[in-house]
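The lines below spell out each chain.
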Amino acid sequence: MKPTDLTASQLATALARRELSCVELAGAWIRRTEAAAALNCYVEFDAEGWLAQARRADARLAAGERLPLLGVPIALKDNIGAAGLGCANGTSALQGWRCERDARLVARLRAAGAVVTGKLGMHELAFGITSNNACTGAVHNPWDTARSPGGSSGGAGAAVAARLVPAAIGTDTGGSVRVPAAFCGVQGLRPSVGRVSADGIAPISATRDTAGPLARSVEDLALLDSVLGDEREPLARISLRGLRLGIPDGLFWQDLAPGVRACADRALDALRAQGAECVPVSLHGLEQLNAQISFVVALYEFVRDMTRYLHDEGRGIDLAALVAGVRSADVKAIVEPLLGAGAVPESAYRDALAARQRLQDVYREAFAAAGVDALVFPTTPCTAPRIGEDQSFAHNGRDCPTFPTVIRNTDPGSNAGLPGISLAMGLADGLPVGLELDGPVGGDRRLLAVAAAVEAALPAMPAPPTVPAA
């Protein structure tokens, strides 16, 4: 294995042992990133800054300093503030401004020794799942460059899959970490809401937003979670034998693309063969409750939370100017009405929050009644759509709306604030497929331990065909 193909955890160990040079590795990754420019993963690539940070990391390692991420490169979605870099949130009205301070999660990463490599492409304002951005261009999937990498953290999924960086931090409101993880064949964690600070991150919805890592192993997710969540307890090692995994009823296992169904069936067979118990779980009323929450909460809170963010961060524009600068047609159709007659009434928002409480009760009661450690289902019902299929795409012989179809399985857990992990579980017609595990609110470390056991039973993912030589 080439040093640049190491996972973040492997890299941290090798650097601590002084087996590798941060500067030499940075040079190799920079060359690889430049060779993969056509993927359009980065909107701001800080090669000089990377090398400078790498030199400092080498000096600190040589002096005997040891930190969890010392010298490990991490890339950031372009809605996360980092001192000296832009934070355009994928939209034209916020371009050209430089952050004066780090978002709190970035400060945690730097305190743990991480090297920040630049800012990654995303769906405009994080309001979509294709990362086909009219302002910065489409991000391309390294498994098939005609395909979407997912979104809104598409640059994060593509960069990690293409081995341009060992790990990245994205954000997830309804699936924006887990969908790119599934479509790009990597692992992605959506933490419980509130576990990771939202300070310094351009928002959609305080109730639903959370930042989370994408990487190529659950070990890496756990390492990054320990830093972002200030978690000092090591991850428990658990066995699949006797582990109870819930197969939820309703929409989660319905209308799957044939290749997704085949991958998921093989994954369940592998888990059962190693002693896991897969039991049915009823989530009565989930679909109806979820429909009452999803867009109502996100759209109401976007107006409130983005207005506050623009003021508090001193971005120099108001919400009307931000919306006026939106160029992606699908995003414009969502946000423009919010400034006029399409604004969400407060009464509807309050009703949605009450429905959210009932949805959380449904999940809490289901976990308790079934006695399961996690719910298991395909992350998405399909593989990655083609770039340009932002409004609709062909799914199981029908023309289906892209956004609601892709987030169908990820959205309910988002609305309930659950932690969720997407694991790469194989390929369907050459495209990656993800398996999601959802756990109880606050059970992030237990869910990561379950995910590590499940990951070991799944086939290892090869590198995508477009990965350039280091």
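Sequence order as written defines residue numbering, which begins from 1 separately in each chain. Note on the predicted model: pLDDT of at least 70 is required for a residue's local features to be given, and 80 or more for side-chain atom pairs to be given and counted; whole-chain, interface and lining totals, by contrast, use all residues. The basis for every side-chain value is the complete set of non-hydrogen atoms in the structure, without hydrogens or water.

Structural notes on the overall build of the protein
Phase 1: Strands are runs of DSSP state E lasting at least 2 residues, helices are runs of H or I lasting at least 4, and numbering of each runs from the N terminus. The helix and strand tally for the protein stands at 15 helices and 15 strands.
Phase 2: For the C-alpha atoms alone, the extent of the protein along its principal axes is close to 60 × 55 × 40 Å.
Phase 3: Burial classes: relative accessible area under 20% of the type maximum marks a residue as buried, over 50% as exposed, and values in between as partly exposed (1.4 Å probe, protein chains only). Relative to its full complement of 470 residues, the protein shows a buried share of 62%.
Phase 4: A separation of at least 24 residues holds for 77% of the contacts in the protein among residues at least 6 apart in sequence.
Phase 5: Carbon together with sulfur atoms contributes 52% to the accessible area of the protein, which is approximately 16,600 Å² in total.
Phase 6: On the protein, the mean spot of the 44 positive side-chain charges and the mean spot of the 50 negative ones are 4 Å from each other. We call two residues in contact when some of their heavy atoms are within 4.5 Å. Accessibility throughout is a Shrake-Rupley quantity obtained with a 1.4 Å probe, and a residue counts as covered only by protein chains that appear here. Only four residue types enter the tally: Lys and Arg on the positive side, Asp and Glu on the negative side, with His and both chain ends excluded. Charge coordinates come from a single atom per side chain, which is NZ of Lys, CZ of Arg, CG of Asp or CD of Glu.

Considerations on the nonpolar core
Phase 1: Residues belong to one nonpolar core when they are buried, are Ala, Val, Leu, Ile, Met, Phe, Trp, Tyr or Cys, and are joined through side-chain atoms within 4.5 Å. Core analysis: the largest hydrophobic core is formed by 127 residues, its most contacted members being L105, L109, F302, Y363 and V454.
Phase 2: Considering each element in turn, this core owes the most residues, 11 residues, to helix α9 (residues 286-312).
Phase 3: By size, the runner-up hydrophobic cluster in this structure holds 21 residues, among which are L39, A156, A158 and V177.

Re the side chain of D330
Phase 1: Of note, D330 is situated in helix α11 (residues 329-335).
Phase 2: Every case where a carboxyl oxygen of Asp or Glu lies within 4 Å of a side-chain nitrogen of Lys or Arg is listed as a salt bridge. Despite being buried, D330 has no salt bridge partner; K332 is the closest side chain of opposite charge, sitting 10 Å away.
Phase 3: Polar contact criterion, stated in full: a pair of N or O atoms within 3.5 Å, where within protein one must be able to donate a hydrogen and the other to accept it, and residues adjacent in sequence count only if both atoms are side-chain atoms. In this structure the side chain of D330 is engaged in a polar contact, spanning 2.8 Å, whose partner is the side chain of H123.
Phase 4: In contact with D330, other than residues within four places in its own chain, are H123, F127, D390 and Q391.

A look at the packing of aromatic side chains
Phase 1: Two aromatic rings, drawn from Phe, Tyr or Trp (for Trp, its six-membered ring), form a pair once their centres lie within 6.5 Å of each other, and the interplanar angle then sorts them: stacked below 30 degrees, edge-to-face above 60, tilted otherwise. Applying the stated criterion across every chain yields a total of seven aromatic pairs.
Phase 2: Each ring, one from F252 and one from F377, has its centre 4.6 Å from the other, and the planes form 50 degrees; the classification is tilted. Of the two residues, F252 sits in the loop between β9 (244-248) and α8 (258-273) while F377 sits in strand β11 (residues 374-378), which places them 125 residues apart along the sequence.
Phase 3: Take F252: its relative accessible area is 2%, and that puts it in the buried class.
Phase 4: Counting every residue linked through ring pairs, the aromatic cluster contains W29, Y42, F45 and W50.

Considering the pairing of β11
Phase 1: Summarising burial for β11: five of the five residues are buried, a large majority.
Phase 2: Relative to β11, β9 is paired through two bridges, and the arrangement is parallel. In the strand pairing of β11, G246 is matched with L375.
Phase 3: Two elements, β11 and strand β15 (residues 431-438), share four bridges in a ladder whose sense is antiparallel. A pair of strands is labelled paired if DSSP reports no fewer than 2 bridges between them.

A few points about the sheet that holds β9
Phase 1: Spatially, 11 strands are ordered β1-β3-β2-β6-β8-β7-β14-β15-β11-β9-β10 in an open sheet, and the strand pairing comes out mixed. Looking at which strands have only one partner, the edges of the open sheet turn out to be β1 (42-45) and β10 (277-281). In this sheet, adjacent strand axes meet at a mean angle of 30 degrees when their direction is disregarded.
Phase 2: Strand direction decides the pairing type here: strand β6 (residues 167-172) and strand β8 (residues 210-215), joined by six bridges, are antiparallel. The axes used here are C-alpha line fits, helices contributing only the stretch in contact, and every angle between their N-to-C directions lies in the interval 0 to 180 degrees.

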